[in-house]
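What follows is each chain in one-letter form.
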Amino acid sequence: MRVLWLKTELLHPIDKGGKIRTYNMLKELKRKHQITYLALDDGSATADERHSAREYCHEFVPVPHSQVEKFTPRFYVDLARNLASSSPYFMTKYQSPKMRQAIVDQVSRNGFDVLVCDFLMPSINVPKDLECPTLLFQHNVEAMIWRRHYEVQTHPLKKAYFYNQWIKTRRFERDICRRFDQVATVSAHDRDTIAKDYQVGEVIDVPTGVDTDYFRPRGLERQSPYNLVFTGSMDWLPNEDAIRYFTEHIIPLIKRQVPEVTLTVVGRNPSARLLDLTKLDSSIIVTGRVEDVRPYIERAAAFIVPLRIGGGTRLKIFEAMAMEKAVISTTIGAEGLPVRHEAEVLLADSPETFANTVVRVLRNPSLGNDLGKRAANVVRQSFGWGPVADSFARICEHTRYLSQQKKAALSSVKVSKRLYEQ
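Because the structure is predicted, anything quoted here is derived from the model rather than measured.

**Student:** Just to check I follow, could you spell out the overall build of the chain for this structure?
**Tutor:** Scanning the chain from N- to C-terminus turns up 15 helices and 13 strands. Scaling as 2.2 N^0.38, a compact globule of 422 residues should have a C-alpha radius of gyration of about 22 Å, and the chain matches this with 23 Å. For the chain, the spread of C-alpha atoms along the principal axes amounts to about 85 × 50 × 45 Å. Per-residue burial for the chain yields a buried fraction of 54% across its 422 residues. By sequence separation, contacts in the chain at least 24 residues apart represent 70% of the contacts at least 6 residues apart. Total accessible area on the chain stands at roughly 19200 Å², and carbon and sulfur atoms take up 50% of it. Of the side-chain charges in the chain, 60 are positive and 50 negative, and the distance between the mean point of each set is 2 Å.

**Student:** Mind showing me how you'd approach the packing of helix α9 (residues 237-257) against helix α10 (residues 272-280) here?
**Tutor:** A packed helix pair is summarised by two numbers, namely the angle formed by the two axes and the spacing between the axes. At a closest axis distance of 11 Å, the pairing of α9 and α10 adopts a crossing angle of 30 degrees. Judged by the angle between their axes, α9 and α10 are roughly parallel. As α9 packs across α10, the resulting crossing turns out to be left-handed. Contacts from Glu-240, Ile-243, Arg-244, Thr-247 and Glu-248 in α9 reach Arg-273, Leu-274 and Leu-277 in α10. A per-class count over the contact of α9 with α10 returns three nonpolar, one polar and four charged.

**Student:** What exactly am I supposed to notice about the sheet that holds strand β4 (residues 114-118) here?
**Tutor:** Adjacent strands of a sheet form backbone hydrogen bonds with each other and so pair up, either parallel or antiparallel. The seven strands are arranged β3-β2-β1-β4-β5-β6-β7 in an open sheet whose pairing can be described as parallel. Either end of the sheet is taken by a strand with one partner, and the two such strands are β3 (59-64) and β7 (203-205). Across the sheet, the mean angle separating the axes of adjacent strands is 20 degrees when strand polarity is ignored. Alignment of β4 against strand β5 (residues 134-138), held across four bridges, turns out to be parallel. Residue pairing in the sheet places Leu-115 in a bridge with Thr-134 of β5.

**Student:** Would you mind going over the pairing of strand β9 (residues 262-266) with me for this structure?
**Tutor:** Side chains on a regular strand alternate between the two faces of the sheet. Of all five residues making up β9, four are buried, and the element is well covered by its neighbours. By the bridge criterion, five bridges tie strand β8 (residues 227-231) to β9 in an arrangement that is parallel. Looking at β9, one finds that Val-229 is bridged to Thr-264. Handedness of the crossover joining β8 and β9 through α9 is recorded here as right-handed. One ladder, built from four bridges, connects β9 with strand β10 (residues 284-288); its direction is parallel. Bridge assignment links Leu-263 to a residue of β10, and that residue is Ile-284. Of the crossover connections in this fold, the one passing from β9 over α10 to the parallel β10 is right-handed.

**Student:** In this structure, what is going on with the nonpolar core? I would like to understand it.
**Tutor:** The nonpolar side chains of a soluble globular protein tend to be buried, and buried together. Judged by nonpolar contacts, the single largest core of 40 residues is most densely connected at Leu-6, Leu-38, Ile-103, Leu-115, Leu-120, Leu-136 and Ile-194. At the level of elements, β1 (2-7), β2 (34-41), β3, α4 (89-92), α5 (97-110), β4, α6 (142-152) and α7 (156-179) are the ones that each hand at least two residues to this core. In contact with Leu-136, other than residues within four places in its own chain, are Cys-117, Phe-119, Leu-120, Ile-176, Cys-177, Phe-180, Gln-182, Val-183 and Ala-184. Formed by 33 residues, the second largest nonpolar core is a distinct cluster that contains Tyr-245, Leu-253, Leu-277 and Ala-302.

**Student:** Help me understand the side chain of Thr-36 in this model?
**Tutor:** As for its position among the elements, Thr-36 is in strand β2. Overall, Thr-36 belongs to the buried group, its relative accessible area being 3%. Residues within four places of Thr-36 in sequence aside, it is in contact with Val-3, Leu-4, Trp-5, Glu-59, Val-61, Gln-106 and Phe-112.

**Student:** Looking at this model, I keep getting lost on the sheet that holds strand β11 (residues 302-305). Mind explaining?
**Tutor:** In spatial order, the strands read β10-β9-β8-β11-β12-β13; together these six strands make up an open sheet with parallel pairing. Edge positions in the sheet fall to β10 and β13 (346-347), since each of these pairs with one other strand and no more. Each of β8, β11, β12 (327-329) and β13 is contacted by helix α13 (residues 351-363), which is oriented at about 170 degrees to β12, the strand it contacts most.

**Student:** Could you clarify how one ought to interpret helix α8 (residues 188-197) in this entry?
**Tutor:** Residue pairs three or four apart in sequence face the same way in an α-helix, which turns once every 3.6 residues. Three or more residues of α8 are buried, namely Asp-190, Thr-193 and Ile-194. All buried residues of α8 lie within an arc of 95 degrees about the axis, which places them on one face of the element. Against the buried residues of α8 lie β5, α6, α7, β6 (182-185) and β7. Gln-199, located one to two residues past α8, shows a positive phi value of around 55 degrees.

**Student:** Looking at this model, I keep getting lost on the side chain of Arg-314. Mind explaining?
**Tutor:** Mapped onto the secondary structure, Arg-314 falls in the loop between β11 and α12 (315-322). Despite its burial, Arg-314 pairs with no opposite charge, the nearest such side chain being Glu-335 at 4.4 Å. At a separation of 2.9 Å, a polar atom in the side chain of Arg-314 contacts the main-chain carbonyl oxygen of Gly-333. If we skip the residues at most four places from it in the chain, Arg-314 touches Leu-307, Ile-332, Gly-333, Ala-334, Glu-335 and Leu-337.

**Student:** Looking at this structure, how should I read the pairing of β6?
**Tutor:** Side chains Gln-182 and Ala-184 of β6 all project onto a buried face; the interleaved residues Val-183 and Thr-185 project onto the opposite face, where all are buried too. The pairing of β5 with β6 spans four bridges and is classified as parallel. Bridging across to β6, Phe-137 finds its partner in Ala-184. Where β6 meets β7, three bridges bridge the pair, whose relative direction is parallel. For Thr-185, the partnering residue across the bridge sits in β7 and is Asp-205. With α8 bridging β6 and its parallel neighbour β7, the resulting β-α-β unit is right-handed.

Scoring rules and cut-offs
- Residues numbered from 1 in each chain as written.
- Predicted model: local features only at pLDDT ≥ 70, side-chain atom pairs only at ≥ 80, totals over all residues.
- Heavy atoms only, no water.
- Helix = DSSP H or I, 4+ residues; strand = E, 2+ residues; numbered from the N terminus.
- Rg over C-alpha atoms; globule rule 2.2 N^0.38 Å.
- Buried < 20%, exposed > 50% of the residue type's maximum accessible area, 1.4 Å probe, protein only.
- Contact = heavy atoms within 4.5 Å.
- Areas by Shrake-Rupley, 256 points an atom, 1.4 Å probe, with all protein chains shown as cover.
- Lys, Arg positive; Asp, Glu negative; His and termini not counted.
- Charge placed at Lys NZ, Arg CZ, Asp CG, Glu CD.
- Axes fitted to C-alpha atoms, helices over the stretch in contact; angles between N-to-C directions.
- Parallel < 35°, antiparallel > 145°, perpendicular 65-115°, else oblique.
- Left-handed = near helix turned anticlockwise from the far one by under 90°.
- Nonpolar A, V, L, I, M, F, W, Y, C, P; charged D, E, K, R; others polar.
- Pairing = 2+ DSSP bridges.
- Right-handed = clockwise from strand over helix to strand, strands pointing away.
- Core = buried A, V, L, I, M, F, W, Y, C linked by side-chain atoms within 4.5 Å.
- Arc of directions from axis to C-beta.
- Salt bridge = Lys/Arg side-chain N within 4 Å of Asp/Glu carboxyl O.
- Polar contact = N/O pair within 3.5 Å; in protein donor to acceptor, adjacent residues only side chain to side chain.

The analysis is restricted to geometry; functional conclusions fall outside its scope.
Here is the structure:
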C-alpha cells in the first residue's frame, strides 16, 4: 500500500505525545508499506533530525513554512485579527499554499492508495475532491479541548477568547470530518463523540500503543519514597494547566499529611511561570526537555496525571504503566484508555480525593508496587505498536474501499441523471 502522510512538523526530536504516537505507528507501517511523509518545515530541525526521517518514511517531502513566535507583539496582533475569522487561530497559522500545491503534485504523480491527514491541522491545506482516498487521523477531538479550556477559565477576557475558539473549532472540525472518506480516532470515546456531535457515519477507533521494550524498569535508579513525577510537553496548555492546578490546589493538601513529598515536572518548553515554581518551593523541580524520561519515572514513587483539559488519549499513562508505576489520574486524564480504577490506575477528581489517593500510595508502597505490576502486564500483553500499526493499516484499506464505493455510487447517479434527461 502506498501512503501519503501529512503532518505540520518533522518528528524529531520525538518529545511530545503526538510525535511519539506517529513515529511508532509509521516505523511499524514502513516495514510493510511505502510511506511518503509530507510536512511543513520551519527550518529549526538539525541535519541529523532531518536525516532521521528515514526511520519512519521512504520519502520525505519538506514544505518551507514559518510561524509567528508565541507571546511576541505580532502573535497578539494575529490573535486579535483572528476574532474576525471564521476559522480558529490554531488552524489558520498552518495555512500554506505551498503545502496545498505539494499535495496536489504528489497525488497526481504517485497514485497513492490513501492520504492520511495526521491531526486536524494539516487538513486546512487538503484540497477538496482529490483523486485519492482520504483518512483523517484525529489524536484529539479539538473542539472538546477548547470547550474544557473555556469551562475551567476564570479570567473574563480569556474565558471569552476560549469560547470564541471553541465555537469556531466545533464548526471547522465538523465540516472537515464530514469531508474525509473516513475518520480514525485514538479512543472509542472520541469515536462516539465525533459520530454523535458531527453526524459522521464513517468513524473508527485505533488503539493507543506503547514501546514495551523501551519503557520497562532497568534497575538503574533508586526510588525516592516521596517523589511524584509528571511528564509531558509543557508548552501544551492542558499540561501547564494540570501542573498549576496540582501545585495550587492539591500538593498543599498532600504536604499536610506527608511533608516530605516532592514533585518533578519533566517536559519541554516550560513557561516562565512554571519555572518560577522551583524558586517559590524547593520541593518542586521543573526540568525542561530531557533526552530520556525513564530515569525520572523510575525514581518516582507514583506518576500523577492531574489533567482538567484534554482529548484523545494520554500516552504518558501507558508509558508509566509499562514502567510499573502507580498512576494517579483524573478521569479526564485517563479518558479513552482501557484502564480500570483500582485495577490498573487510581482515579480521583476533586483536589481532596486526589491528595488523599496520593497519600495512600506514598504511605503504602506495596499498594503502588502491586498496581504498577498489574498495569505493566496489561500494556505488555495488548498494546505493543506492532498490532496497533496492523490495525491502522486495515483502517487505511477500508478507507480505500469506502472511497471506491462513493465513486461508484456517484457514477451511478450521474448515469441515471443523463438517462432521465434524455
